[in-house]
Structures are given as structure tokens and as C-alpha cells.
Amino acid sequence: MSCLIGIVPINIDECKCESDVSMKQYNTQQQYNTHKQDIKPHKNSEKSEYRLAILVPFRDRFDELLIFAQHMKEFLDKQNIDYHIFILNQFDRYRFNRASLINVGFHETSKDFHYVAMHDVDLLPLNNELLYVYPSKGPYHISSPDLHPRYHYPTFVGGILLITREHYMQVNGMSNKYWGWGLEDDEFYVRLKEAGLSITRPQNISTGTHNTFKHVHDRNHRKRDMMKCYNQREVTRKRDRETGLNNVSYKIMNRIKMTIADTPLTVLNISLMCDKSSTPWCECDKTSASKDIKPKEKKKINNNNSNSNNNNNKGKSDTAL
């Protein structure tokens, strides 16, 4: 059966979709409704009293989504978690903006869910000791630097992070200024620390960096958008006190209920808005990139070798934070 979800032009038998088209424009002062009655809880006994929204920022990675959906169902059903997966598909022409997508996902789910998992589609938990339970004491970073297969610096909070809706609102969500790859999670770390929130991580886990998670990202097939243009480098190395959950601008193009390998999902096709007077780097070409890029980095981009960076130093590049 063809799956018309507006993510990629594909045709796959194991995907069943149902579209509910809505062209309404949303703003952050309105109340948001995820149509709770359309989301059926998983059939486990003694469900948690807290509902978890798994927010997956997404664009053009349907092959990885097929793996993710089935894996997460098998993993989470063992924990009796009352959860639902939301695929936050960026539907516009701008560069990928992971943080803004998570802000949108939070707006669209916070009324009916008690906490969220900010979850990369290419990172799969393997160890059943990793629990997705309600993080009442503060943000819970599941993909700890001691466990993540690639990023090991102490301030890393990317990959998989659980946070309650109260704490996410307390820090005004994530910055909307990060178009392209990287640093949005480092800025979010500073927000959490400034708010006095204690970040906890898994302790006494029986596995390590090589066998706690499966990282399914193919860096040869999926080139990271490392380009910097205009004054992007200067701005994104500073703590953003202007943007966040309260002023993310977007449209929900449509909502699609679908099933992949018996895993119910909701796809939100999201069109982000860009204020080019504030973040002109939401669109970036070679001409504009030359204004804000160092010669060595320009050579790397031209050679499609952006993944040669030292992963352990990813957070350290954000010196102003």
C-alpha cells in the first residue's frame, strides 16, 4: 500500500497511513490539541500514570524510521510505558532545525502528555536497563557521554533526553536559531544549568560505549549540513535569550496517523517559518557561506569531509557558552 505521508516519495507495503489535512496556522499563545482520543494506548497492563510523547525530529530518513519504529515498540513495551511516537517531519525548504521541531512537537503534545523524550531517529537503545520513566527530579539524559557511541564530552545532552513539560516550559524550550547541524543541544544544556535543573544519567549500566546503543546513521549516505554563513558562527556560540518555545513560528501542514510494523505513529508535517532579519542562515549557499567560514572548514565542506571532526570535541567548539 502506498504511504502518502509527504516525507519522501516511497511505496512500502508495511506502512498504513491515514491523513487528516489541516492548513491552520498555529501560534504559541493558542491552546494545542493532539486529538488524544485518536491516540490509543499500548495494550500493556498496569500502565504508568504518566504519558510520554516521543518527539523525533525528522527529514528524508524513512529507511531509518522503519528500523526505529519497530525497535522502539519492542523496547518500550517491556517497560509498561504509556507512550506515543510523534515524527516531526520538516516540510519546508529551509535548512534542518532540530530544536525548532522539538519546540513544535512540545506545543502539539504538552496538553495530553506529561513528559517528552527528545529522541534522535538514528539512536536505538539496546540495554533494557535504560528506563524511560517519568523524570520527576530533573532532565534524564539516557544517552550519557559514558554510553553514547560517538559523543563523550561531559556537557553533552543530545541523542535521547527525557524532560517533564514543567521543566521544558521553565527554560522556554530550545533556541530557534540553529539551522543546520550541531550546537543546539549544547545551548540547551546551558539553559538547563542556568535554571538550576539537575541533569541525571543512567548509573551502574552493564554495557559501555560500544554496546549500549545502535547508531544507524550512515555518514557517507547522509552528509551533515555543517555549512556556516552570514554571522551564524558568532551568533550560535552565544546563549540565546531571545528565542525559544514562546516564539517558534510554524504551520502544521497535516497530521497523519500511520502504522509501521504494528507500531502506531503520528506524523506531523511541519513548515517552519524563518525570520531572515534574525537568522538569515536558514538558507545558505556557497556565496553566503564564504562570509562566515574559515578556509580550513571551507575546504572540508567542498571535499564533503565534514564528518572528520573530532566527535569528542563537539561541545567544546561552543566556547561562548
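Within each chain, residues carry numbers counting from 1 in the order of the written sequence. In view of the model being predicted, local features appear only for residues whose pLDDT reaches at least 70, and side-chain atom pairs are presented and counted only at 80 or more, with totals across whole chains, interfaces and linings using the full set of residues. Side-chain numbers here rest on the full set of heavy atoms in the structure, without hydrogens or water.

Under an unreviewed UniProt entry, the name given to the chain is Beta-1,4-N-acetylgalactosaminyltransferase, and the source organism is Odynerus spinipes. UniProt positions are given in the numbering used here, feature names are shortened, and annotations may be inferred rather than shown by experiment. Its UniProt record gives the chain the following Pathway (unreviewed entry) comment, quoted word for word: "Protein modification; protein glycosylation."

1. With respect to the packing of aromatic side chains
For Phe, Tyr and Trp, where Trp contributes only its six-membered ring, two rings pair if their centres lie within 6.5 Å, and the inter-plane angle classes them as stacked under 30 degrees, edge-to-face over 60, or tilted in between. According to the stated counting rule, one finds nine aromatic pairs in the structure shown. Pairing Tyr 151 with Phe 156 gives two aromatic rings, centres 5.4 Å apart and planes at 50°, and the pair type is tilted. Only protein chains enter the accessibility calculation, which uses a 1.4 Å probe; a residue is then buried when its area is under 20% of its type maximum, exposed when over 50%, and partly exposed in between. What makes Tyr 151 buried here is its relative accessible area of 7%. With a centroid separation of 5.6 Å and 70° between ring planes, the pair formed by Tyr 153 and Phe 156 is classed as edge-to-face. When its relative accessible area of 3% is taken as the criterion, Tyr 153 is described as buried. Three or more aromatic residues joined by ring pairs form one cluster here, namely Tyr 50, Tyr 115 and Tyr 134. The side chain of Arg 51 reaches across the aromatic face of Phe 113, ending 4.3 Å from its centre. Two conditions define a charge located above a ring, namely a distance within 6 Å from the ring centre to NZ of Lys or CZ of Arg, and an angle within 35 degrees of the ring normal.

2. So, the confidence of the model for the chain
As a per-residue measure, pLDDT tells how confident the predictor is, with possible values from 0 to 100. Residue-level pLDDT values for the chain average 82, and 74% of them are 70 or greater. Residue contacts follow a heavy-atom distance rule, with two residues in contact if any of their heavy atoms lie within 4.5 Å. Here residues 1–44 is a poorly scored stretch, pLDDT under 50, and it has 107 contacts once near neighbours within four places are set aside; other chains count. Between residues 298–320, whose pLDDT stays under 50, and residues either more than four places distant or in other chains, the model counts 41 contacts.

3. Thoughts on the pattern of salt bridges
Only one rule defines a salt bridge in this text: a Lys or Arg side-chain nitrogen within 4 Å of an Asp or Glu carboxyl oxygen. Counted by the stated rule, this structure contains 20 salt bridges. For Arg 165, the salt bridge goes to Glu 166, with nearest N and O atoms at 3.6 Å. Through salt bridges with shared partners, one network takes in Lys 177, Glu 187, Arg 191, Glu 194, Arg 239, Asp 240, Arg 241 and Glu 242.

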